[in-house]
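As a plain string of letters, each chain reads:
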Amino acid sequence: MNFYFEASNILDRLDAKQGSIKGLLSTLPPKNRARTAALVIETLKYKAVLSDVITASKLLAQEKKITSLNLALVLVHDVLLSGGIQAGDGPIKQAALRHKTRLRSELQRIKIKRGVKSDRDLAQPEDERAVRIPRYVRVNTLLWTTDEAIRHYQKEGFQLSDPFSAEKSFSRDQHVPDLLLFNPRVQFHHDVHYKMGKIILQDKASCFPAIVLAPPRDDHAVVIDATAAPGNKTSHLSALMSGNGKLYAFERDKKRFSTLKTMLSKASCKNAEAIHVDFLNVDPLEPKYANTTHILLDPSCSGSGIVNRLDHLLDSEHEQDEEQEERLNRLATFQLMVIKHAMKCRSEHFCVEKSSTLIPIAVPHVRKIVYSTCSIHVVENERVVCAALKSEEAERRNFKLASPGKVLPTWHRRGQPDELESSGKVCVVTHSLDKSDFTPKKRERDEEPQSRRKKRKAGSINKD
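Residues numbered from 1 in each chain as written. Predicted model: local features only at pLDDT ≥ 70, side-chain atom pairs only at ≥ 80, totals over all residues. Heavy atoms only, no water.

### What about the sheet that holds strand β5 (residues 199-200)?
The sheet built from five strands is open, its strands ordered β2-β3-β4-β1-β5 with mixed pairing. Across the chains shown, the open sheet's two edge strands, defined by having one partner strand only, are β2 (159-160) and β5. Here strand β3 (residues 169-172) runs beside strand β4 (residues 179-182); their pairing, made up of three bridges, is antiparallel. Paired with Arg172 across the bridge in β4 is Leu180. The strands that helix α9 (residues 146-155) touches are β1 (135-139), β2, β3, β4 and β5; relative to β3, the one it contacts most, it runs at about 170°. Sitting on the sheet, helix α12 (residues 232-240) is in contact with β1 and β5, with an inclination near 40° to β1. (Pairing = 2+ DSSP bridges. Helix = DSSP H or I, 4+ residues; strand = E, 2+ residues; numbered from the N terminus. Contact = heavy atoms within 4.5 Å. Axes fitted to C-alpha atoms, helices over the stretch in contact; angles between N-to-C directions.)

### Observations concerning helix α11 (residues 204-213)
Within α11, 10 of the 10 residues are buried, leaving the element largely enclosed by the surrounding structure. Within α11 the residues assigned to the buried category are Lys204, Ala205, Ser206, Cys207, Phe208, Pro209, Ala210, Ile211, Val212 and Leu213. Ala214 sits one or two residues past α11 and shows a positive phi near 45°. (Buried < 20%, exposed > 50% of the residue type's maximum accessible area, 1.4 Å probe, protein only.)

### Observations regarding the sheet that holds strand β6 (residues 222-225)
Overall, parallel pairing links the five strands, which are arranged β8-β7-β6-β9-β12 in an open sheet. One side of each edge strand has no neighbouring strand; the edge strands of this open sheet are β8 (272-275) and β12 (368-371). Adjacent strand axes in the sheet meet at a mean angle of 15°, parallel and antiparallel pairs treated alike. Of the pairings in the sheet, the one linking strand β7 (residues 246-250) to β8 comprises four bridges and is parallel in character. Considered in β8, the bridge of Tyr248 is made with Glu273. Set on the sheet, helix α13 (residues 254-266) makes contact with β7 and β8; between it and β8 the angle comes to about 170°.

### What to know about the packing of α11 against α12
Between α11 and α12, whose axes approach to 9 Å, the crossing angle comes to 35°. Crossing angle aside, the handedness with which α11 passes α12 is right-handed. From α11, Ser206, Cys207, Pro209, Ala210, Ile211 and Leu213 reach across to α12, where they touch Lys233, His236, Leu237 and Leu240. Along the lines of polarity and charge, the residues of the contact of α11 with α12 split into seven nonpolar, two polar and one charged. (Left-handed = near helix turned anticlockwise from the far one by under 90°. Nonpolar A, V, L, I, M, F, W, Y, C, P; charged D, E, K, R; others polar.)

### Topic: unusual backbone geometry
With glycine set apart, most residues show a phi of negative sign, and most peptide bonds adopt trans. Omega for the bond connecting Ala229 with Pro230 falls within 30 degrees of zero, at 5°, which places this linkage in the cis form. Turning to its location among the elements, Pro230 is positioned in the loop between β6 and α12.

### Some words on the packing of helix α1 (residues 2-15) against helix α6 (residues 69-81)
It is the contact of α1 with α6, at a shortest axis distance of 8 Å, that shows an interaxial angle of 130°. Looking at the two axes, α1 sits oblique to α6. The handedness of the crossing between α1 and α6 is right-handed. Contacts between α1 and α6 involve Phe3, Tyr4, Phe5, Ala7, Ser8, Leu11, Asp12 and Asp15 on the former and, on the latter, Asn70, Leu71, Val74, Leu75 and Asp78. Of the residues contributing to the contact of α1 with α6, the split by class is eight nonpolar, two polar and three charged. (Parallel < 35°, antiparallel > 145°, perpendicular 65-115°, else oblique.)

### Some remarks on the packing of aromatic side chains
Enumeration over the complete set of coordinates arrives at 12 aromatic pairs. Centre to centre, the rings of Phe182 and Phe188 are 4.9 Å apart; their planes meet at 75°, and the pair counts as edge-to-face. A relative accessible area of 0% means that Phe182 is categorised as buried. Since its relative accessible area comes to 2%, Phe188 is described here as buried. Through a chain of ring-to-ring contacts, three or more aromatic side chains come together here, namely Tyr153, Phe158, Phe170, Phe182 and Phe188. Note that Lys168 overlies the ring of Phe158, its terminal NZ or CZ placed 4.3 Å from the centroid. (Phe/Tyr/Trp six-rings, centres within 6.5 Å; stacked < 30°, edge-to-face > 60°. Lys NZ or Arg CZ within 6 Å of the ring centre and 35° of its normal.)

### Observations concerning the pattern of salt bridges
For the structure shown, the criterion picks out 15 salt bridges. Between Arg172 and Asp147 there is a salt bridge; the shortest N-O distance is 3.3 Å. Here Arg172, found in strand β3, pairs with Asp147, found in helix α9; they are 25 residues apart in sequence, far enough to count as distant. On the accessibility criterion, Asp147 (43% relative accessible area) is partly exposed. (Salt bridge = Lys/Arg side-chain N within 4 Å of Asp/Glu carboxyl O.)

Encoded structure:
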């Protein structure tokens, strides 16, 4: 029955808004992930109908062994729609099977009431927006080149053209190097190159933070990914570094940390070290991280900007304004803490001579911080960045916003300038001996609906 408990636990976490469907499924143990993911997704497709069946049958009221609605949902799904409960005999299975006839009767009543003949007609329809999103595939350049990947898929029968022109069409992305766009119907989970880590299924918006950070590639580079799991961005950073230098990847959650390690191993990120620690508990003055120059921050957020092929299955009712405001403010407080902690990085102290007087100065090693979210709310984006720029940490180290021309200059959607007090700067964070720049990069959907999957914003620090 562990299989069903895992599936119901994912549904519990989705109800608690602890992440997206895709993100939470990625935390499952690899051994049972495909099976559990299939049950979760199929249950969500029929959740409204299954809930009505469970209520009408009084299953939860009569069977105390079935302790939650979500456990009942996954069990009843398999009883009615999947050929039976796939588990050994036991009290929970028997509790569900005692009501098999009544459950089928209630399902048939719903079908008659809705005027449908097939069970499939009861499933929730697909999100029309999601079908206009291409299948994004990032080439892992640690293992082969993008040109090699293109030649491989051409030999497999794919043609370089608009990915929506035919199912066997694909193209290169215009903004993110090494990112390929395929028709959304194409599946890669059984592709041998996916299993080998040579390609990574990663949305375009998820690629932006590493591109903005632009980590150095030399052997002495030291980079931090502060909230790293499940590891897509970390593996992207490692690839951009050509596997050189040192990349520290922090993750505080035990299960997500396991997922992170698996991902880094699969992608052959030999310069990355996964560390099971909350980044906020890391001493910024620790010598181990003294030479860090680039930090990526992608902390927990509301996920309100995510549009993908799965999350349309979640309940669409909106939170009350007061509940949403409280939740966003909690998230923003945490996000600000992460940025300020990153700004506390170790500094080297020197004395310079001015008018025959020695004046002490501090030169921070960190040259760039990128802050990104999957949120459309200004409270998590522009307002967090404004608060970070006004902080004692920012003032002490002279962080400030960088100009849009320094960050993705060909990307024209730049967020909400009215929310930022530095006119015209809606973008990144830069650092130099006498000043530093910090700017949020807002990622919104492109003008063409198929080319954007998330709305994101990010911030960064560069040395001039």
